[in-house]
Amino acid sequence: MATSTEAGSEGANSAQTNGTNKSKKKQNKVDESDLLTVPEGWKEKPFTQEDNPRGLLEGSSFATLFPKYREAYLKECWPLVQKALGDCEIKATLDLIEGSMTVSTSRKTFDPYVIIRARDLIKLLARSVPFEQAVRILQDDMACDIIKIGSLVRNRERFVKRRQRLIGPKGSTLKALELLTSCYVMVQGNTVSALGPYNGLKEVRKVVLDTMKNVHPIYNIKTLMIKRELSKDPELRMQSWERFLPNFKHKNLSKRKEPKKKTVKRVYTPFPPPQPESQMDKELATGEFFLRESQKRRKKLEEIKVKQAEALTKKQEERNKAFIPPEENPAVKAKRAPTETKIDIEAIKDKVKKAKRKKLGAPPVNKVAETASASVKKKKKRS
């Protein structure tokens, strides 16, 4: 009996352990899906001096050159740059003689990554990004990306057209890209400067590179709009979005015109072409070589006479062509009107006479006859 109770307790324990394992697996699955999303309103804690009270062991500095046309703007905004970097304990110097900007750490600097952000700040200022936008790089959730597009297209005219296509009419394409990616994008010269969150910078780089590869930016903007709508649905978070995204196929409409004269490549043969026959070989083949001079002359004269006769006959035929009458078309016979559709002319005449009498006010036919007979009787009586 003891053995049976022990077996029963072991079975119950095993069932409990299986149930707990399944519940743990379910919890793990839920936890994994939750880990993929960041909670709303969550922000990483800022790096303060309490996190690194002893400061940095060694100093570091970065320098960047700027073009001549940016000198006037940098002179005006440099006090603001020094103030913004001074809050992060970074020293900034502007050298107008060399045309360079330098940032370096100090003894009070506590954040080891702030020097990288300061370097990006002076890079953006050198790339014609305004100070109000470039200062945002000092925030923790901001990053920048400078895309070099000058070497992607060889032809200069084609490069200018594609760069203008990226900007769009009155900057509309660039504005749409900024709204969808929540990034600031600046196209200047051979570079594109982008400033914003990491996900947005990734999309901006893809759109810029595709545009330089002759893919219109409207296709990528359309996919970004669809992704933006799909991200609002929590049910589609763990699903693939490929079925919703449009698949644009490249269509080459301009077909290459084939040349009129096609050159056919000859088959290579190691043997040289056969040697052309000389005049003597031709005469030997026809037997003219063995004829006398008088016979050769006679033969030539006969050939000339034959050619002259052929030419005369051709000329005569061309002259006779003018005297050959042209072929006349057969005369079309007038069709007789069918008897059924004949017009009664006498009936029409009577109708016309009656109409005339009515218009002129003539008396009716019976009265006319009576007056005529009365006048005849009177004449007889007188006589």
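Whatever comes next refers back to the structure up there.
Residues numbered from 1 in each chain as written. Predicted model: local features only at pLDDT ≥ 70, side-chain atom pairs only at ≥ 80, totals over all residues. Heavy atoms only, no water.

Participant: Got a minute to help me understand the packing of helix α2 (residues 71-86) against helix α3 (residues 114-126) in this structure?
Facilitator: For any two helices packed against each other, the geometry comes down to the angle between their axes and how far apart the axes lie. Where α2 contacts α3, the two axes come as close as 12 Å, and the packing angle between them is 165 degrees. Judged by the inter-axis angle, α2 sits roughly antiparallel to α3. Relative to α3, α2 is oriented so that their crossing is right-handed. Packed against α2, whose contacting residues are Leu74, Val81 and Leu85, the element α3 presents Ala118, Leu121 and Leu125 at the interface. Residues belonging to the contact of α2 with α3 are distributed by class as follows: 6 nonpolar, no polar and no charged. (Axes fitted to C-alpha atoms, helices over the stretch in contact; angles between N-to-C directions. Helix = DSSP H or I, 4+ residues; strand = E, 2+ residues; numbered from the N terminus. Parallel < 35°, antiparallel > 145°, perpendicular 65-115°, else oblique. Left-handed = near helix turned anticlockwise from the far one by under 90°. Contact = heavy atoms within 4.5 Å. Nonpolar A, V, L, I, M, F, W, Y, C, P; charged D, E, K, R; others polar.)

Participant: Help me understand the layout of surface pockets in this model?
Facilitator: Rolled over the atoms, a probe as big as a water molecule pinpoints where empty space is left. Considering only enclosed or pocket space, the largest pocket measures out at about 560 Å³ in volume. Taken together, 17 residues line the largest pocket, and the ones lying closest to its centre are Leu180, Asn199, Lys227, Arg228 and Ser231. Breaking the lining of the largest pocket down by element, the ones donating at least two residues are α6 (172-181), α7 (198-212) and α8 (217-230). Estimates place the volume of the second largest pocket at around 390 Å³. Lining the second largest pocket are 15 residues, and of these Lys43, Glu44, Lys45, Asp140 and Asp141 sit closest to its centre. Residues of the lining of the second largest pocket, tallied by class, amount to 7 nonpolar, 1 polar and 7 charged. (1 Å grid on protein atoms, 1.4 Å probe; cavity = no way out; pocket = protein on both sides within 12 Å on 5 of 7 lines; lining within 4 Å. Points joined across faces, edges and corners; volume = space filled by probe spheres on them.)

Participant: Help me understand unusual backbone geometry, please; the structure alone is not making it clear to me.
Facilitator: One non-glycine residue, glutamate 89, lies in positive phi territory at about 60 degrees. Mapped onto the secondary structure, glutamate 89 falls in the loop between α2 and β2 (90-95). Of note, the phi angle at asparagine 214 is positive, near 70 degrees, even though the residue is not glycine. Positionally, asparagine 214 belongs in the loop between α7 and α8.

Participant: Is there a simple way to think about the side chain of arginine 162 in this case?
Facilitator: Tracing the sequence through the fold places arginine 162 in helix α5 (residues 156-167). Of the side chains with opposite charge, aspartate 210 comes closest to the buried, unpaired arginine 162, at an N-O distance of 11 Å. The contacts of arginine 162, once residues within four sequence positions are left out, are Val153, Thr211, Met212, Lys213 and Asn214. (Buried < 20%, exposed > 50% of the residue type's maximum accessible area, 1.4 Å probe, protein only. Lys, Arg positive; Asp, Glu negative; His and termini not counted. Salt bridge = Lys/Arg side-chain N within 4 Å of Asp/Glu carboxyl O.)

Participant: I keep staring at the sheet that holds strand β5 (residues 184-188) and nothing clicks. Help me out?
Facilitator: Sheet strands pair by backbone hydrogen bonding; their relative direction is either parallel or antiparallel. Ordered in space as β4-β6-β5, the 3 strands form an open sheet in which the pairing is antiparallel. The open sheet terminates on both sides in strands that have one partner only, identified here as β4 (143-148) and β5. When the angles between neighbouring strand axes are averaged without regard to direction, this sheet yields 15 degrees. Here β5 pairs with strand β6 (residues 191-196) via 5 bridges, running antiparallel. Bridge assignment links valine 185 to a residue of β6, and that residue is alanine 194. (Pairing = 2+ DSSP bridges.)

Participant: Help me understand the environment of leucine 56, please; the structure alone is not making it clear to me.
Facilitator: Of note, leucine 56 is situated in the loop between α1 (2-35) and β1 (61-65). Residue class for leucine 56 comes out partly exposed when judged on its relative accessible area of 28%. As a C-alpha pair, leucine 56 and threonine 105 span 49 residues in sequence and 8.7 Å in three-dimensional space. Contacts of leucine 56, omitting those with residues within four sequence positions, involve Thr105, Thr109, Phe110 and Pro112.

Participant: Is there a simple way to explain a nonpolar patch on the surface in this structure?
Facilitator: Side chains of Val215, Ile218, Tyr219 and Phe248 sit close together on the surface and give an oily, nonpolar patch of about 330 Å² of accessible area. When you line up the elements, valine 215 lands in the loop between α7 and α8. Given a relative accessible area of 31%, valine 215 falls into the partly exposed group. (Patch = residues over 30% accessible without salt bridge, like charges linked within 9 Å, V, L, I, M, F, W, Y side chains within 5 Å. Areas by Shrake-Rupley, 256 points an atom, 1.4 Å probe, with all protein chains shown as cover.)

Participant: Would you mind going over a positive patch on the surface with me for this structure?
Facilitator: On the surface, Lys349, Lys353, Lys354, Arg357 and Lys358 cluster together into a positively charged patch. One can find arginine 357 in helix α11 (residues 345-360). (Charge placed at Lys NZ, Arg CZ, Asp CG, Glu CD.)

Participant: How do you make sense of the sheet that holds strand β3 (residues 100-105) when you look at a structure like this?
Facilitator: Judged by pairing direction, the sheet is antiparallel, and its 3 strands sit side by side in the order β1-β3-β2 without closing on themselves. At either end of the open sheet lies a strand with only one pairing partner, and these are β1 and β2. Taking each pair of neighbouring strands and ignoring which way they run, the sheet shows an average axis angle of 15 degrees. In this structure, β1 lies alongside β3, joined through 5 bridges in antiparallel fashion. Residue pairing for β3: leucine 65 is matched across the bridge by serine 100. Contacts between α2 and the sheet are confined to β2 and β3, with β2 contributing the most and set at about 165 degrees to the helix.

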